[in-house]
Amino acid sequence: MLVKVAVGIVLRNDFVFLALRKAGQHQGGMWEFPGGKCEPSESAEAALVRELEEECGILVKACSFFKVISHDYGDNKVELCFYKVTEFDGEPMGKEGQEVRWVAISDLLKYQFPDANLQIVNELVSSSK
Ligand SMILES: Nc1nc2c([nH]c(=O)n2[C@H]2C[C@H](O)[C@@H](COP(=O)(O)OP(=O)(O)OP(=O)(O)O)O2)c(=O)[nH]1
Ligand SMILES: [Mg+2]
């Protein structure tokens, strides 16, 4: 089954907000851009706003669509809709107890991401140079 996911690249200056996926989750132990599954008939943008409030406690004020990446993990097929989040209310936090941190975009390659993220991470790092 294909799972549609909305993902937020939350940006502030040259930093991006990352969260650590918990051990029991799919791709647990990997760093991620916060987000989650779209509910049936929910738009990706609506899911993005809902998930970032649920997971990070922020209200998205401005975002722009970045890219869709489809990836087959074998056990799970995902379609990730990435958005750049450039304006938000509140200070992002790990609202579900997850470890979080602001990371300089130029340092992103030091973090381990799920395979589906590799292209996006490389593009972000290249564009920061
Ligand atoms: N949020 C997020 N998910 C990612 C990224 N990269 C990646 O492969 N994924 C995958 C992992 C999961 O299979 C899926 C996202 O599911 P999720 O676990 O965040 O979904 P959710 O927040 O709705 O959580 P749940 O209610 O199902 O527990 O997408 C990423 O950067 N961010
Ligand atoms: Mg999630």
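Residues numbered from 1 in each chain as written. Chains lettered and ligands numbered in written order. Predicted model: local features only at pLDDT ≥ 70, side-chain atom pairs only at ≥ 80, totals over all residues.

Topic: the overall build of the protein
The helix and strand tally for the protein stands at 2 helices and 7 strands. The N-to-C order of helical and strand elements in the protein reads β-β-β-β-α-β-β-β-α. Taken over the C-alpha trace, the protein has a radius of gyration of 14 Å; the compact-globule value for 129 residues is 14 Å, and the two agree within 12%. Each of the three principal axes of the protein carries a C-alpha extent, and together these read 35 × 30 × 30 Å. (Helix = DSSP H or I, 4+ residues; strand = E, 2+ residues; numbered from the N terminus. Rg over C-alpha atoms; globule rule 2.2 N^0.38 Å.)

Examining the site of ligand 1
The environment of ligand 1 is made up of 18 residues, and the closest members are E32, G35, G36, K37 and P114. Mapped by element, the contributors of at least two residues to the shell around ligand 1 are strand 1 (2-12), strand 4 (35-37) and strand 6 (77-89). When residues of the shell around ligand 1 are assigned to their parent elements, the largest contribution, 3 residues, is made by strand 4. (Near = placed C-beta within 6 Å.)

A look at unusual backbone geometry
Leaving glycine aside, a negative phi is the common case for residues, and trans is the common case for peptide bonds. Unlike most non-glycine residues, N13 shows phi in positive territory, near 50°. You can see N13 is positioned in the loop between strand 1 and strand 2 (15-20). The backbone of Q27 sits at a positive phi, close to 65°, despite the residue not being glycine. Mapped onto the secondary structure, Q27 falls in the loop between strand 2 and strand 3 (31-32).

A word on the nonpolar core
Counting 27 residues, the largest nonpolar core has V7, L48, V60, Y83 and V85 as the members making the most contacts within it. For this core, the leading source of residues is strand 6, giving 6 residues. Setting aside residues up to four positions removed in sequence, V85 forms contacts with G8, I9, V10, L11, L52, V60 and C63. (Core = buried A, V, L, I, M, F, W, Y, C linked by C-beta atoms within 7 Å. Buried ≥ 20, exposed ≤ 12 C-beta atoms within 10 Å, placed from the backbone. Contact = placed C-beta atoms within 7 Å.)

Thoughts on helix 1 (residues 44-56)
Helical geometry: 3.6 residues make up each α-helical turn, so side chains three or four residues apart lie on a common side. For helix 1, with 13 residues, the first-to-last C-alpha span of 17 Å sits near the 18 Å given by 1.5 Å per residue. Listed as buried for helix 1 are A47, L48, V49, E51, L52, E55 and C56. Residues of helix 1 that are buried in the fold lie against strand 1, strand 2, strand 4, strand 5 (59-72) and strand 6. At the exit of helix 1 stands G57, carrying a positive phi of roughly 70°. (Expected span 1.5 Å × (residues − 1).)

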